[in-house]
Structure formats: structure tokens, C-alpha cells
Amino acid sequence: MSGIYGLSGSGMDIDDLVKGMMKTQQAKYDKLYKQKTVQTWKKEAYNDIYKSAYKFRYNTLTDYKLQSNMSAKATSSADSSVVTAKALGDAVQMTHDVSVKQLASSAYLQSKEKITRGDSEARAKTIEDAQNTYIKKAQEGKADEAQQAYETAYNAAISTNPDDEDAAKAAGNNAKQAFLDQIAIDVHDDAVKAGEDAGKAYDQSTSITLSDIAGTIRPSGAEDTDIALAFSIDDGINGKKYVKYTYKELEDGKTLNDLVSDINKLGTNVQASYDNNNDSFSLYNKIGGENNKIELNIESNFSQTTSDGKTVDYTVSEAAMKKSANFVNNLHLAQYNSETKELGEAKSFTAVDGKYNSIEQTGKSAIAIIDGKEYTSESNSITAGSVIYTLNKVSSTDSSGKPESTKVTINSDTDTIVKYVKKFVEDYNTLLDQINTQIYAEYDSTYLPLTDDEKSEMTDEQIKKWEEKSKTGLLSKDSILKDTVNQMRSALGSIISGTGNDYNSFASLGITTTDYTEHGKIELDEEKLRKALDKDPDAVYKIFVNSTDSDGESGIIQKLSDTMNSALAKIKSQAGTTADVDDQSYVGSKIDRLNDQMTTLKARMEKQQTSLYKRFNAMETAIAQMNQQASYLTSAFGS
């Protein structure tokens, strides 16, 4: 509360007086603040332990339950060019006989030669018609219409000879010059400029329109929305999907790249691509196997479902069907043989009584004989007996035509197992160190948290060192942490029954505790571990996991997991898992109560302080009035 003091001449430092009178209450508040801060830091320390224990339980220990890690297997192939393999943890150590009869392949169609463009006679007519329109519109001064006509003629001209880029450019430029030469001298300036600006750089990838390939010219009476080009694609899984274009879309310049994009949006496993450099179009089914295919069909009627769920029926005229067949045939799609690495003969549509045949290629399934049993797969990967075989090449055949077998041997991967055991020792010791650091740290009660007033009298470095001391030992000799460590040590010292031999404990594998001064840390005798693995390659897995125990006794990893589950539950109950104080934990509730006490005390202090300032204000006012009266009397009697 603000006040005006000293005008009365009392000479009293009111702020200092009020502060002194509030000292007892401030001390109570500071005590609550320090208690709250200690509990907040203690909660943070518990939370740090919780995070580490949680990660150890749900990430680290999970890795050591995996048979692929703790019972790792190494594989070798007598001929890796034919077959390679990767063994899972539960694979039996033995030698397998593998014969590859057939490799898997995907359905794949590719242009066998450069794409054929459409009818040159029809194209020449397009040029002539466009030229006449250009001249007429230019003479009429209609620049936009003239330019549109010119562009139609120019594009038609440059695609008359796609195999010779220079000749194509020359054809286009000659057409342009011819138009300009025939325009009357008094042609509107804008029309001339439109013709001159219409020159386009020849770019095969964008100038190859679908009309160029199909040779599509709109029949008399055909509407803009009539189907001009359409065919279906079936991948063997998702059914027929259709690509279609109207006459208007073709005349607007739909390109081969547009077709690629539209096919790839159909939602099938068939992917299209166009190689501009080699002028080659391809269709590829991403999924291999004999049940997957690429099938193209041309039909007079088909239906499609729109995005809003409506079914729309389409009719394809005989002329459009013919142009669609011509379009696909001009792509020269041929079957690719993945074994010979060659293209077969180009496939084509032909019509019989108005109906067109299908163009189809199916994939191949991989076929391999493993230990006398035949397996098939859509890919060149086959899993049998916990071994994943990768087929690379068809096996050679003997004199009788029977495929020769390749030996694939499965052995224990000792180096990998040792690596994981070493990592376990490191991970375990890291968590134990963190917990023991809290348990065995000495707490010094003289280093309580600092208030803002206390910090104001110290340097930043002094504050930092003080708070480090204040936070040290907050969980010293904590019963939850001590119990957790004892249970961890007990789990590691367990004797595991059902292993079938003398390797039934961590100690038998060479994992033992270090000197007592390190409070339960463990170490590994690698030589002893390797000897154990030589005698029993599954010794580590049995002791760590013990999934074969008929009595249901768990392995050491599960015992540790149970210990961590218990510890996590206790820590959560004691201090929660985050800084949130509303977590119903013991420490969180304690902080919450301290906050309430501090709020209540703060309100009381503010009320008391306000009352004190009011009293001092009244005193100052009274003194000032008395001084004024004394001055008046002195002045009156003195005169």
C-alpha cells in the first residue's frame, strides 16, 4: 500500500516499520515456500527415476526377450547367387537343401519400339484447316482466334515426324512462316503479333498429346462430352478401373503425361510411366505372383462410381473404340521377361464382330523346394522353419532335368548373442547407478531452498552451487528405491529351472556382481559366456526368457520386468509421473496443501499490511494537523 510520509516531520521510516512488524508472518510464509520447493524438487527426482525405469521396463527389457537377439542365428549359403537366408531366433541349427524352380515376377508391359503417332493424312488436314482459319481470323483482325488456330496447326505440324526432332521443328516453323507469308500486308497488327508469339519450343514430353498417338479427329455430330478414348485396367485384385477422355479433353491437349498421372490415381497396383528420353511407355504391377496381372480391355459400355457414390453409365462409340485400340496399339506394349531380360512381341487389340480381345500379362509366383517340400510365394522371399530364404536365381538342372539343390546352413551367432549380453550389463548398471546415486547421496539440511530476498544478496554462481547442494540427497535412503534395488539384485540371482543342463543362472553364464562398494553393479566374464554358448547355444535365451519351462517359472528378464512394474506403481503413487501436482500422488497432494496454506497466509499478510499502512497514514495525518495548529498558535501569540 502506498502512502505519503515525512510531511509531518515525524522522521519515521514507515516502510521499514511495517516490514519489521510483518517479519514474523513473512518467516512463516518463507518456511512454507521452502517446504514446497523441497517437495517439488523431490517430485522431480522421483519423476526422473520413473522415466528411466519405464524406459528400462518397456523398451530395454523387451529387446532382451526377443529370441532373434538372445538366440541369434547365423546363416551361410553354398551358392549365394541362387539363394541366401536369414534365420530367426527359434530356427533349428541344421543344413537345409534348397532348389529354386522359378523366380517371382510382376506383370510388366513396356514399349518395344518408339511410340507411333497418328494418321499423317488426317494431321495434314488439321494443318490445312487451321491454316485457313488462321488467315481468315488474322485478316479480320481477331488476334486471339488467329493465335488459337495457329497453335493448332503448329502443334500438328511438329508431331508429323516424331522420330526426327529437327525435322519436326522445321515442319512447325515452316508452317508458321507459310501462314505469315500469306497474310495480307494490311492485316491487323495484333493478329501478326499473335502469330509471331505463337512459336513454341519443341518438347516431346509435353507436346505428345493423346490425339497425336490416337490420331483422333472428332467425327461429324460428336459432342464435346462424348467419349473419344477409353480403356480399362485390371490388376487382378481391385477389379476393372477405367481411364476415359472426351473429345473436348483431347482437343484441349491432354498429353501422355496426363495419362500416366490418371492411371496412377486409379487406386490399383498398376503404375504407369513415360520415359521421354527413349520415347517409351510402361505399365507395371507392383505386386508379384500369378494372381496379379495387367489386363487392358476396350468395351462399348461401362459404369463408374463418382466421389459422391453415384453410378454413371458411359457409352463408347464404334469410332471411339477403334481409336482407343489404335492408341494402345501405337504404344507397342510388349511383355517383359524378368529371366531373359528381354521384351517379347508387342501385344495389340484386334476386333472380331465389333468386340476387342484383351491385352493381358500375369505375374509369376516364386517356386522353391526346401528339404523336399515345394513352397510358393508372390515375392522372391519364402519363410519356412523360421528361416527366411531370398531366392536370387533359378537353380541349374542336372542331366535328368531336375533342379540342383543348394546347401543353406544355420548355426548359432555367438558374437551377436555376446553383444546383446554386454549391452544388457551396461543398461542394467546405468539404471542401477541412477537409483543408487539418489539412495547414497548425503542430505544437508542447512542448504534449504533460497527465497528471492536471499538470492538478491548472492551471485549467480553462488546461487547455482547452493541449489545443487539443496537438491542433493532428497531421496537419500528412500525406502521405495532401496526396495527396488534389492528386488533387482534378487531377480538377477535367481536359479532358473527347466534349462536341461547346468546353465541355470546368470552366474553360470559369467554374469556376477562386482565389489560391494558398487552396490549391486554387475560385470561379464566374456570367456565364460562363450564357453557356455559353445556347449549350449540356447543357454542365454533359456536363462533370460525361459519360455520352455514346464513349471511356468519365468526367466530373469520377466522377473526384472515384474520388479520394474512394482517399482513404477510405487513411484507413481508416491510422486506421480510428471510435474503435475493434481495427480493424486502423496507428494503431489502435499505440494497442493502447501500451495493452499501459502495462498491463505499471503491473503492474511496483505490484509494485515494494509491495516498497518492505514494506521500509519492516520498517524501522519494527525501529526501534520497538530503541527499546523502549533504553527498557527505560535504565529498568533507571537504577533
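Residues numbered from 1 in each chain as written. Predicted model: local features only at pLDDT ≥ 70, side-chain atom pairs only at ≥ 80, totals over all residues. Heavy atoms only, no water.

## Considerations on a negative patch on the surface
A cluster of acidic side chains, namely Asp580, Asp582, Asp592 and Asp596, defines a negative patch on the protein surface. Inspection of the secondary structure assignment puts Asp582 in the loop between helix H20 (556-575) and helix H21 (586-638). (Patch = residues over 30% accessible without salt bridge, like charges linked within 9 Å, V, L, I, M, F, W, Y side chains within 5 Å. Areas by Shrake-Rupley, 256 points an atom, 1.4 Å probe, with all protein chains shown as cover. Salt bridge = Lys/Arg side-chain N within 4 Å of Asp/Glu carboxyl O. Lys, Arg positive; Asp, Glu negative; His and termini not counted. Charge placed at Lys NZ, Arg CZ, Asp CG, Glu CD. Helix = DSSP H or I, 4+ residues; strand = E, 2+ residues; numbered from the N terminus.)

## Regarding the sheet that holds strand E9 (residues 293-297)
The four strands lie next to each other as E6-E5-E9-E16, forming an open sheet whose pairing is antiparallel. Looking at the sheet topology across the chains shown, the edges are occupied by strand E6 (240-246) and strand E16 (359-362). Between one strand axis and the next, the sheet turns through 15° on average, direction left out of account. On top of the sheet, helix H11 (residues 256-264) reaches strand E5 (227-234) and E6; it is set at about 150° to E6, its chief contact. Lying on the sheet, helix H12 (residues 318-330) is in contact with E5, E9 and E16; it crosses E5 at an angle near 55°. (Pairing = 2+ DSSP bridges. Axes fitted to C-alpha atoms, helices over the stretch in contact; angles between N-to-C directions. Contact = heavy atoms within 4.5 Å.)

## A closer look at the pattern of salt bridges
A side chain with one charge may pair with a side chain of the opposite charge, provided their charged atoms come close. Under the definition given, this model contains 22 salt bridges. The residue Lys73 makes a salt bridge to Asp538 at a minimum N-O spacing of 3.8 Å. One end of the pair, Lys73, is in strand E1 (residues 73-77); the other, Asp538, is in the loop between helix H18 (526-535) and helix H19 (539-544), with 465 residues separating them in the sequence. One salt bridge connects Asp252 with Lys248, and the closest N-O pair in it is separated by 2.7 Å.

## Let's talk about the environment of Thr484
Within the element layout of this structure, Thr484 appears in helix H16 (residues 479-492). What makes Thr484 buried here is its relative accessible area of 6%. Setting aside residues up to four positions removed in sequence, Thr484 forms contacts with Ile435, Thr563, Met564 and Ala567. A distance of 2.9 Å separates the side chain of Thr484 from the backbone oxygen of Ile480, its partner in a polar contact. (Buried < 20%, exposed > 50% of the residue type's maximum accessible area, 1.4 Å probe, protein only. Polar contact = N/O pair within 3.5 Å; in protein donor to acceptor, adjacent residues only side chain to side chain.)

## Some details on the pairing of strand E18 (residues 373-377)
Where strand E17 (residues 366-370) lies against E18, five bridges are found, and the strand directions are antiparallel. Paired with Ala366 across the bridge in E18 is Ser377. Hairpin connection, E17 to E18: the antiparallel pair is bridged by two residues, and Asp371 has positive phi, about 50°.

## Regarding the pairing of E17
Regular strands have side chains that alternate between both faces of the sheet. Of all five residues in E17, four are buried, a share of seventy percent or more. Across four bridges, the pairing between strand E3 (residues 95-102) and E17 is antiparallel. Each bridged residue has a counterpart across the sheet, and for Gln102 the counterpart in E17 is Ile367.

## Details of H16
If you check H16, its first and last C-alpha atoms are 20 Å apart, about what 14 residues at 1.5 Å a residue would give, namely 20 Å. Turning to H16, its buried residues are Ile480, Leu481, Thr484, Val485, Met488, Ala491 and Leu492. Buried residues of H16 fall within an arc of 135° about the axis and therefore sit on the same side. Turned more than 90 degrees off the buried face of H16, the exposed positions are Ser479 and Ser490. Elements in contact with the buried residues of H16: helix H2 (23-63), helix H13 (414-440), helix H17 (506-509), strand E23 (522-524) and H20. One side-chain oxygen at the N-terminal end of H16 lies 3.0 Å from the backbone nitrogen of Ile480; it belongs to Asp478. (Expected span 1.5 Å × (residues − 1). Arc of directions from axis to C-beta.)

## Points about the side chain of Thr416
Relative to the helices and strands, Thr416 is located in helix H13. One polar contact links Thr416 to Asp413, side chain to side chain, over a distance of 2.6 Å. With near-sequence residues (within four places) excluded, Thr416 lies in contact with Asn69 and Ala72.

## Some remarks on the nonpolar core
By size, the foremost hydrophobic cluster in this structure holds 51 residues, and its most contacted members are Phe424, Tyr428, Val540 and Phe544. Counting residues per element, this core draws most heavily on H13, which supplies ten residues. Not counting residues up to four positions away in its chain, the partners in contact with Phe544 are Tyr64, Met70, Val421, Phe424, Phe506, Leu509, Ile511, Gly555, Ile556, Ile557 and Gln558. Ranked by size, the runner-up nonpolar core spans 43 residues in total, among them Ala107, Ile233, Ala320 and Phe327. (Core = buried A, V, L, I, M, F, W, Y, C linked by side-chain atoms within 4.5 Å.)

## Brief notes about a nonpolar patch on the surface
A contiguous nonpolar surface patch, about 240 Å² in accessible area, is contributed by Met12, Leu17 and Met21. Position of Met12 relative to the elements: it lies in the segment before helix H1 (14-21). Met12 gets classed as partly exposed once you look at its relative accessible area, which sits at 33%.

## A short note on the confidence of the model for the protein chain
Confidence along the protein chain averages 84 in pLDDT terms, with 83% of residues attaining 70 or more. Between residues 160-164, whose pLDDT stays under 50, and residues either more than four places distant or in other chains, the model counts nine contacts. Counted against residues more than four places away or in other chains, residues 182-206, with its pLDDT under 50, gives 46 contacts. (pLDDT = per-residue confidence, 0-100.)

## Details of the sheet that holds strand E19 (residues 381-384)
Across the sheet, three strands lie side by side as E2-E20-E19; this open sheet has antiparallel pairing. Edge strands, defined here as strands with exactly one partner in the open sheet, are strand E2 (83-87) and E19. Taken pair by pair, the neighbouring strands of this sheet meet at an average axis angle of 25°, ignoring direction. Inspection of the sheet shows E2 paired to strand E20 (residues 387-391) by five bridges, in the antiparallel sense. The partner of Ala87 across the bridge, within E20, is Val387.

## Digging into H20
Residues three or four positions apart in an α-helix share a direction because the helix packs 3.6 residues into each turn. Helix length check: H20 (20 residues) gives 28 Å between terminal C-alpha atoms against 28 Å at 1.5 Å per residue, within 8%. Among the residues making up H20, those that are buried are Ile556, Ile557, Leu560, Ser561, Thr563, Met564, Ala567, Leu568, Ile571 and Ala575. All buried residues of H20 lie within an arc of 160° about the axis, which places them on one face of the element. Taken from the residues just after H20, Gly576 is the one with a positive phi, measuring 70°.

## Quick notes on the packing of H2 against H13
Interaxial distance between H2 and H13 falls to 10 Å at its minimum, and their mutual angle equals 165°. It follows that H2 is roughly antiparallel to H13 by the angle criterion. Note on packing geometry: the crossing formed by H2 with H13 is left-handed. Residues Ala45, Asp48, Ile49, Ser52, Ala53, Phe56, Thr60 and Leu61 of H2 lie in contact with H13, whose contacting residues are Phe424, Asp427, Tyr428, Leu431, Gln434, Ile435 and Gln438. A breakdown of the residues in the contact of H2 with H13 according to their chemical character gives nine nonpolar, four polar and two charged. (Parallel < 35°, antiparallel > 145°, perpendicular 65-115°, else oblique. Left-handed = near helix turned anticlockwise from the far one by under 90°. Nonpolar A, V, L, I, M, F, W, Y, C, P; charged D, E, K, R; others polar.)

## Focus on the packing of aromatic side chains
This structure, assessed with the given rule, holds 14 aromatic pairs. The interplanar angle of 25° and the centroid separation of 5.2 Å between the aromatic rings of Phe302 and Tyr314 together place this pair among those described as stacked. Note that Phe302 is positioned in strand E10 (residues 301-305) and Tyr314 in strand E11 (residues 311-315), a separation of twelve residues in sequence. Centroid distance Phe349 to Tyr356: 6.5 Å. Interplanar angle 90°. Geometry classified as edge-to-face. The exposure class of Phe349 is buried, given its relative accessible area of 4%. Each residue in the set Tyr64, Phe424, Tyr428, Phe506 and Phe544 is aromatic and connected to the rest through ring pairs, giving one cluster. Between the NZ or CZ atom of Arg57 and the centre of the ring of Tyr58, over which it lies, the distance is 4.4 Å. Lying across the ring of Tyr29, Lys602 places its NZ or CZ 5.1 Å from the centre. (Phe/Tyr/Trp six-rings, centres within 6.5 Å; stacked < 30°, edge-to-face > 60°. Lys NZ or Arg CZ within 6 Å of the ring centre and 35° of its normal.)

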